[in-house]
Amino acid sequence: MKTILCIGAGYVGGPTMAMIARKCPDYRVIVVDIDAARIKAWQSDRLPIYEPGLQDLVQLSLNKSLFFSTDVAQGIREADIIFVSVNTPTKTFGQGAGRAADLQYWEKTAREIKANSTSDKIVVEKSTLPVRTAEAMERILHSGNKTVHFEVLSNPEFLAEGTAVKDLENPDRVLIGGHATESGRRAQSALAEVYAHWVPRDRILTTSVWSSELSKLAANAFLAQRISSINSLSALCERTEADITEVARAIGMDARIGSRFLNASVGFGGSCFKKDILNLVYLCHHYGLKEVADYWEQVVIMNEYQEDRFVRQMIATMFNTVAGKRIAVFGFAFKADTGDTRESPAIRISRFLADERASVVVTDPEALGNARKDLADLGEKISYDPDPYKAAEGAHALAVMTDWAEYKTLDYQRINESMVKPAFIFDGRNCLNHQALYEIGFNVYPIGKAPLSHL
Ligand code: UDX
Ligand code: UDX
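**Q** In this structure, what is going on with a nonpolar patch on the surface? I would like to understand it.
**A** A grouping of Tyr287, Leu289 and Val292 is seen on the molecular surface, where their side chains present a nonpolar patch of about 280 Å² in accessible area. Note that valine 292 resides in helix H12 (residues 290-317). Given a relative accessible area of 36%, valine 292 falls into the partly exposed group.

Structure (structure tokens):
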């Protein structure tokens, strides 16, 4: 029986390995992480991440073919295929700070793999990495004593949070980048074999390592670009009599454009979009392609503009002051169905409001733990309440930051009665029924369309 190891039990490693274990009973799957508390949580009935359907998926294989452990060295010794999905955050120091990827965990992991390997390994880059990282890894793995052969593949993960289980079960494609050598092709086939347990062969693409690495950055850059494009037009809609939902529908029906990923919002968040674009920008600069770098950087600049524009509009609408006013932030996760708050627009907006001396109360069904960490330095300036009704009590305004389904079906009559008048709703996700809210008495401010105001 072959053994698959995954180093890094995060949002990517955990769900991906749970799916592989479920679909490939002929493999033993071990997931290791340096964080012992995280490993313990994966073995419990309260997983370290919230993801619909994941608890059941893990339970199906847990301690049968799927094992979680902190013993990285032993995992490496036993593995035939090693996935690496440790985090690669944006560098916060030194050269490339704020843009380049911080590869220290990756490099440390490569050295650990080398130190503990006594048989040949296929090493799979699962983390999103700058183009040509595989090359650096190979140099480390093949330095010094060469008795063990390492074949490095790039196999980026395209799952989106909140739909991870669905995306893993039915991926649009699986991308496997490898070298055009005999051992490279053999390794690509070995990995393709794993996915072919449930993914149709024609959706498993093999490319060069570099194409695979770049494709992941490119896919995220294109997706984020669509959001920045529609968001840029939302600003124009607010100045004219156009409605961004109507515009999105009209352009989305062009099959060449397509209708998905055209929802105007307060901005995109998540651990990937900003990081990967900044990575791409850094790479372009590195290769002397300033115009290309500037082109993609604008996607991130537009996103920050959208967040700031939203909060500036809130303040202007509320008579140019929010000082001392209670504002309920509805949703803190970067999207619905996750507790993840990395790069969530809610972080920047809550901070902005706190700076303006608003009394901010945050509510979210899954993300309050992370919200408390993100805003820890603000102390008493922010309060938290899992109950949206309580959060709204005595508030001057609601700011919808996450498109949680449950926010659509709240009793807004009751909420309106408990708020200070005039009561405002700023819908940063265009996910509520604006006309109904207006009829209840709210002053409603959507994104990219005319406000519905009684004032
Ligand atoms: C991360 C990156 O953010 C993403 O770009 C990449 O595509 C995949 O890896 P994610 O799974 O969301 O995505 O990260 P995270 O949830 O932070 O998980 C990484 C895990 O690696 C953490 O649990 C961390 O403890 C672990 N880790 C980190 C190690 O086990 N060893 C290390 O040396 C560093
Ligand atoms: C993304 C990619 O979709 C995925 O393929 C990749 O592997 C990781 O990065 P993720 O960040 O988990 O996934 O979520 P995604 O659904 O892409 O949403 C990202 C952000 O864009 C969220 O904040 C979301 O609310 C926002 N968004 C998305 C919009 O504002 N409008 C849209 O139309 C779609």
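Now that the structure is up, let's keep going.
**Q** Looking at this structure, how should I read the site of ligand 2?
**A** Looking at ligand 2, there are 20 residues lining it, with Phe158, Glu161, Ser265, Phe334 and Arg429 nearest. The backbone of leucine 159 places a nitrogen or oxygen atom 2.8 Å from an oxygen atom of ligand 2. Here glycine 269 contributes a backbone N or O atom positioned 2.9 Å from an oxygen atom of ligand 2. Against a free-state accessible area of 660 Å², the protein chains account for coverage of 90% of ligand 2. In terms of residue class, the shell around ligand 2 is made up of 11 nonpolar, four polar and five charged.

**Q** What is the right way to look at the packing of helix H5 (residues 104-116) against helix H6 (residues 133-141) in this model?
**A** The packing of two helices is summarised by the inter-axis angle and the distance between the axes. The N-to-C vectors of H5 and H6 enclose an angle of 35 degrees; their axes lie 9 Å apart at closest approach. In terms of crossing hand, the pair formed by H5 and H6 is right-handed. Side by side, H5 and H6 meet where Trp106, Glu107, Ala110, Arg111, Ile113 and Lys114 of the first sit next to Met137, Ile140 and Leu141 of the second. Split into classes, the residues belonging to the contact of H5 with H6 amount to six nonpolar, no polar and three charged.

**Q** Looking at this structure, I do not really get the sheet that holds strand E12 (residues 397-400). What am I missing?
**A** Within a sheet, each strand pairs with its neighbour through backbone hydrogen bonds, oriented either parallel or antiparallel. Strand order in the open sheet made by the six strands is E11-E10-E9-E12-E13-E14, with parallel pairing throughout. Strands with a single pairing partner mark the edges of an open sheet, and in this sheet they are strand E11 (382-384) and strand E14 (443-445). Taken over all neighbouring pairs, the strand axes of this sheet differ in orientation by 20 degrees on average, direction set aside. Pairing geometry for strand E9 (residues 326-330) and E12, over four bridges, is parallel. What sits directly across from valine 329, in E12, is alanine 399.

**Q** I'm lost on the site of ligand 1 in this one. Help?
**A** Taken together, 20 residues lie near ligand 1, and Asp33, Arg38, Thr128, Lys275 and Arg342 sit nearest. One nitrogen or oxygen atom from the main chain of valine 86 is found 3.3 Å from an oxygen atom belonging to ligand 1. Here ligand 1 loses 92% of its free accessible area of 690 Å² to cover by the protein chains.

Criteria and thresholds
In this convention, every chain numbers its residues from 1, walking through the sequence in written order. Whichever chain is written first is A, and whichever ligand is written first is 1; the rest continue in order. Per-residue local features of the predicted model are confined to residues with pLDDT of at least 70, and side-chain atom pairs are confined, for both listing and counting, to 80 or more; whole-chain, interface and lining totals are unaffected and use all residues. Values shown for side chains rest on all heavy atoms present in the structure; no hydrogens or waters enter the calculation. Only residues whose relative accessible area exceeds 30% and that take part in no salt bridge are eligible for patches, with like-charged residues grouped when within 9 Å of each other and nonpolar side chains (Val, Leu, Ile, Met, Phe, Trp, Tyr) grouped when within 5 Å. Here the accessible surface of atoms and residues is derived via Shrake-Rupley with a 1.4 Å probe, and residues count as covered only by protein chains that are part of the display. The salt bridge definition used is simple: a Lys or Arg side-chain nitrogen within 4 Å of an Asp or Glu carboxyl oxygen. Secondary structure elements are defined from DSSP: runs of H or I of at least 4 residues count as helices, runs of E of at least 2 residues count as strands, and each element is numbered from the N terminus. Each residue is placed in one exposure class: buried if its accessible area under a 1.4 Å probe, protein chains only, is under 20% of its type's maximum, exposed if it is over 50%, and partly exposed if it falls in between. We call a residue near a molecule or strand when any one of its heavy atoms sits within 4 Å of it. N or O atoms closer than or at 3.5 Å make up a polar contact, with two conditions inside protein: a donor-capable atom paired with an acceptor-capable one, and, for residues adjacent in sequence, both atoms drawn from side chains. Residues are grouped as follows: nonpolar covers Ala, Val, Leu, Ile, Met, Phe, Trp, Tyr, Cys and Pro; charged covers Asp, Glu, Lys and Arg; every other residue, Gly included, is treated as polar. The convention used is that axes are lines fitted to C-alpha atoms, helices contributing only their stretch in contact, and that angles between N-to-C directions extend from 0 to 180 degrees. Should the near helix be turned counterclockwise from the far one by less than a right angle, the crossing is left-handed, whereas a clockwise turn marks it as right-handed. The criterion used for residue contact is that any of the two residues' heavy atoms lie within 4.5 Å. Any two strands with at least two DSSP-identified bridges between them are counted as paired.

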